[in-house]
Amino acid sequence: MSLIDCKVEIGIDDSGIVWTDISTHVQTVQITRGRSRQLDYFSSGTATITLKNASRTFDPLNEDSPFYPDITPRCLMRVSSEDEFLFTGFVNDWDLSYDIANQDIAVAYCSDVFTILANQQLRAFTPSTQLTGARINTVLARSGVDFTGTKSISTGLSTLGNYAVPANTNVLNYLRQVERSELGSLFVSADGTLVFRQRGEIPSSPILQFSDDGVDIPYLSLENQFGDELLYNYVVADSPAGSEQIKSDATSIAKYQTSQLNWSDLLNNSTTEVSSIAQTIVGRYKDPKVRFTGFSVQILGLSSAHKLSVLAADLTDFVELTKSFAEGTPSSVMQLSVISGIRHDIRPGSHVISFTVENAEAYLFLVLGDSFAGRLDFGQLDF
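Residues numbered from 1 in each chain as written. Predicted model: local features only at pLDDT ≥ 70, side-chain atom pairs only at ≥ 80, totals over all residues. Heavy atoms only, no water.

Undergrad: Would you explain the pattern of salt bridges in this entry?
TA: One pass over the full model with this rule turns up 13 salt bridges. Residue K323 pairs with D212 through a salt bridge whose shortest N-O separation is 3.4 Å. Here K323 is found in strand 22 (residues 318–324), whereas its partner D212 is found in the loop between strand 15 (208–211) and strand 16 (217–218), with 111 residues between them in sequence. In this structure, K289 engages E361 in a salt bridge whose closest nitrogen and oxygen atoms are separated by 3.7 Å. Of the two residues, K289 is situated in the loop between helix 5 (271–285) and strand 21 (291–298) and E361 in the loop between strand 24 (350–359) and strand 25 (365–366); the sequence distance between them amounts to 72 residues. What makes E361 partly exposed here is its relative accessible area of 27%. Among the ionic contacts, a cluster of salt bridges with common partners joins D5, E82 and K307. (Salt bridge = Lys/Arg side-chain N within 4 Å of Asp/Glu carboxyl O. Helix = DSSP H or I, 4+ residues; strand = E, 2+ residues; numbered from the N terminus. Buried < 20%, exposed > 50% of the residue type's maximum accessible area, 1.4 Å probe, protein only.)

Undergrad: Just to check I follow, could you spell out helix 3 (residues 171–182) for this structure?
TA: Along an α-helix, a turn takes 3.6 residues, which lines up residues three or four apart on a common side. The end-to-end C-alpha distance of helix 3 is 17 Å, a good match for the 16 Å that 12 residues give at a rise of 1.5 Å each. Counting buried positions along helix 3 gives 11 out of 12 residues, so the element sits mostly inside the fold. Within helix 3, the full set of buried residues consists of V171, L172, Y174, L175, R176, Q177, V178, E179, R180, S181 and E182. The backbone nitrogen of L172 has a side-chain oxygen 3.1 Å away, supplied by the residue at the start of helix 3, namely N170. Just downstream of helix 3 lies L183, where phi reads positive at about 60°. (Expected span 1.5 Å × (residues − 1). Polar contact = N/O pair within 3.5 Å; in protein donor to acceptor, adjacent residues only side chain to side chain.)

Undergrad: Whenever I open this one, the sheet that holds strand 20 (residues 260–263) confuses me. Can you help?
TA: The strands making up a sheet are joined through hydrogen bonds of the backbone, oriented either antiparallel or parallel. The mixed open sheet is built from three strands, whose spatial order is 19-18-20. Every interior strand has two partners, whereas the edge strands, strand 19 (245–248) and strand 20, have only one. Strand-to-strand twist of the sheet, defined as the mean angle between neighbouring strand axes without regard to direction, takes the value 10°. Looking at chain direction, strand 18 (residues 234–237) and strand 19 are connected through four bridges and run antiparallel. Following the sheet pairing, Y234 is matched in strand 19 by S248. Strands in contact with helix 5 are strand 18, strand 19 and strand 20; relative to strand 19, the strand with the most contacts, it is inclined by about 25°. (Pairing = 2+ DSSP bridges. Axes fitted to C-alpha atoms, helices over the stretch in contact; angles between N-to-C directions. Contact = heavy atoms within 4.5 Å.)

Undergrad: Got a minute to help me understand the sheet that holds strand 13 (residues 185–188) in this structure?
TA: With respect to topology, three strands assemble into an open sheet ordered 10-14-13, the strand pairing being mixed. Strand pairing shows two members of the sheet lacking a second neighbour, strand 10 (151–153) and strand 13, which therefore form its edges. Strand-to-strand twist in this sheet, taken as the mean axis angle between neighbours without regard to direction, amounts to 10°. Relative to strand 14 (residues 194–197), strand 10 runs parallel, the two being bridged by three bridges. Counterpart to I153 in the pairing with strand 14 is F196. In this fold helix 2 (residues 132–141) packs onto strand 10, strand 13 and strand 14, with an angle of close to 150° to the strand it touches most, strand 10. Helix 3 rests against strand 13 and strand 14 of the sheet, and its axis sits at about 135° to strand 13.

See the structure below:
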């Protein structure tokens, strides 16, 4: 019986993946996925799994191990709780510690499929003019990449030019150029799916509500930030389509001084699109905003329904966060936010999930007629 609030499985690929539950060996699990700040790229998700190894079950030198000879780098590992995946990826390293008192441990350091893409290079080719989703699918199908994993790729709204891709271009870096040219989101979901979401994509999952009033899902802590780390009032954007596009806000510059952002690696096929991207960023980031940036939840002790909802939350899901105050006006503040980072710390008797969140404004565009994004003053018009 597992002592921790999750199931850990190792996958052995021998003419078909066979998953084996190894939870009874697990001491602790730490998972980190997403990004820490808006406008950054999503990072490769990682998991650190510490295992009891007195029986040498996870010792690659032990020929009597039930997994011999499959305790190797790149074997599969996944973590779930209540049938909701928390992480799916590959083992990069096995670190073994032999203890004189026979309290040996093995630590599996894992990462998701982004690590695979980050170690691949493209052969030189010239793609056709195509939407961002089609460009991603073209890259994943190229010889030398041959992506066979699960994927969920939106069509995209931006059109990319037929610009030559040099030999040895890093695959993940190029996909991130496509992501930026769309103002979309490229990440790996908890079940290992490679996901690309176009800008302004309407959420399909429920909007979870967290508060400290005893009505919604309770949080342990809530973080608030008001700084200049996301202050940009002068934006220079460029693609091979033509001359660089510069957008700025004179009022913001007069008040805060110039804070510049340079995006020189866009792939859009028209300067009109590049100009719109620059203008969108200035519109979003010309003024600092008071914003919730993160919160944490202790899973153990939640109702079954709340626990399942929190465990199912994934990157780019929308949440409502409410903070109540005993003093001052207003007496409570609610913000609509988007999950951009997830950390799990799982050990016997505790499972804390820490979420990083971003202001939902960066994800939303006004969509006329839509029940979620069709409200006035809800978001910017798409370009």
